[in-house]
Amino acid sequence: EAGVTQFPSHSVIEKGQTVTLRCDPISGHDNLYWYRRVMGKEIKFLLHFVKESKQDESGMPNNRFLAERTGGTYSTLKVQPAELEDSGVYFCASSFTGGLAKNIQYFGAGTRLSVL
Amino acid sequence: AQSVTQPDIHITVSEGASLELRCNYSYGATPYLFWYVQSPGQGLQLLLKYFSGDTLVQGIKGFEAEFKRSQSSFNLRKPSVHWSDAAEYFCAVGAYGNAGNMLTFGGGTRLMVKP
């Protein structure tokens, strides 16, 4: 069974450009999460989808970040325009829907974003 | 709001020595607790979890952790460290919720293993 897959693994862009990160969750997982780790800091929650709906987007830093999950399958996280402080590693995680299993999150390898 | 503290940023142990990584949390009720490990170039891998019941939980790769409510701690242990255990370790707390919930992570502990 495939795990959580993230593309690209590394992205280097210039300030002001746009970048789109993609996450493919584990098949059958309705819950999808985005997290970010800025250099030297903790891994921080960004938002949570249940299927195609945003359940919680309290961690999104500002309106330059747009997350979508059309059809309730894969998700994209777009940063437009990118700023220097957006550099970091963006993790995606997914979890099953029912019972206690919904609380077990499986993570992808992350996308390392470097904004120059 | 929940929070997690991992007091040790870096730890170095000799191969074969025992290991204990500390984790303290703050949460208003009994939380869900997790330890994840990130090896170089890899994603976060779940080592073990605590939901309820027996406070000593076993995980993969020979790791265990003990939940101590009185100390708000969930320390990770391994009796004999292998060189392949060198990685960064994250403690996390999750909140009860109807549809799954966000995790709050500690800052991580980077483990180095001396031959």
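Refer to the preceding data block for the structure.
Heads up: these notes are all about the structure in this document. (Residues numbered from 1 in each chain as written. Chains lettered and ligands numbered in written order. Predicted model: local features only at pLDDT ≥ 70, side-chain atom pairs only at ≥ 80, totals over all residues. Heavy atoms only, no water.)

Side note on the packing of aromatic side chains
All names here are of chain B. Taken as a whole and judged by the stated rule, the model has 17 aromatic pairs over all chains. Centre to centre, the rings of Tyr32 and Phe51 are 4.4 Å apart; their planes meet at 55 degrees, and the pair counts as tilted. Here the residue Tyr32 occupies a position in strand S5 (residues 32-38), and Phe51 occupies one in the loop between strand S6 (44-50) and strand S7 (56-58), the gap between them amounting to 19 residues. By relative accessible area, Tyr32 is classed as buried at 5%. (Phe/Tyr/Trp six-rings, centres within 6.5 Å; stacked < 30°, edge-to-face > 60°. Helix = DSSP H or I, 4+ residues; strand = E, 2+ residues; numbered from the N terminus. Buried < 20%, exposed > 50% of the residue type's maximum accessible area, 1.4 Å probe, protein only.)

Thoughts on the pairing of strand S7 (residues 65-68) of chain A
Residue and element names in this part refer to chain A. Residue alternation in S7 divides its side chains into a buried set, Phe65 and Ala67, and an unburied set, Leu66 and Glu68. In terms of strand pairing, S7 meets strand S8 (residues 75-79) through four bridges, oriented antiparallel. Pairing of Phe65 across the sheet is with Val79, part of S8. Where S7 hands over to S8, the hairpin turn is made up of six residues, of which Gly71 adopts a positive phi near 75 degrees. (Pairing = 2+ DSSP bridges.)

Here's the deal with the environment of Ile60 of chain B
All names here are of chain B. Locating Ile60 in the fold gives a position in the loop between S7 and strand S8 (64-68). Residue Ile60 is classed as partly exposed on the basis of its relative accessible area of 33%. Expressed as a C-alpha distance, the spacing of Ile60 and Leu46, which sit 14 residues apart in the sequence, is 8.4 Å. Setting aside chain neighbours within four positions, we find Ile60 in contact with Gln45, Leu46 and Leu47. (Contact = heavy atoms within 4.5 Å.)

Describing the interface of chain A and chain B
At the interface, 19 residues of chain A touch 23 residues of chain B. Roughly 1,800 Å² is buried in total at the junction of chain A and chain B, and carbon and sulfur atoms are behind 62% of that figure. When the buried area of chain A at its contact with chain B is split by residue, Ile43, Asn103 and Phe107 of chain A rank highest and sum to 29% of it. Put simply, chain A and chain B have one salt bridge between them. The shortest N-O distance in the salt bridge between Arg37 of chain A and Glu88 of chain B comes to 3.0 Å. Where the side of chain A that touches chain B is concerned, the elements lending two or more residues are strand S4 (31-37) and strand S5 (43-50) of chain A. A class-by-class count of the residues in the side of chain A that touches chain B yields 10 nonpolar, six polar and three charged. (Buried area = accessible area lost by both parts, 1.4 Å probe. Salt bridge = Lys/Arg side-chain N within 4 Å of Asp/Glu carboxyl O. Nonpolar A, V, L, I, M, F, W, Y, C, P; charged D, E, K, R; others polar.)

Description of unusual backbone geometry
Here the amide bond leading from Phe7 of chain A into Pro8 of chain A is cis, since omega sits at -15 degrees, within 30 degrees of zero. For Pro8 of chain A, the location among the structural elements is in the loop between strand S1 (5-7) and strand S2 (10-13). The omega angle of the peptide bond from Gln80 of chain A to Pro81 of chain A is -10 degrees, so this bond is cis rather than trans. Here Pro81 of chain A shows up in the loop between S8 and strand S9 (88-95). Backbone geometry at Lys61 of chain B places phi at a positive 60 degrees, although glycine is not the residue there.

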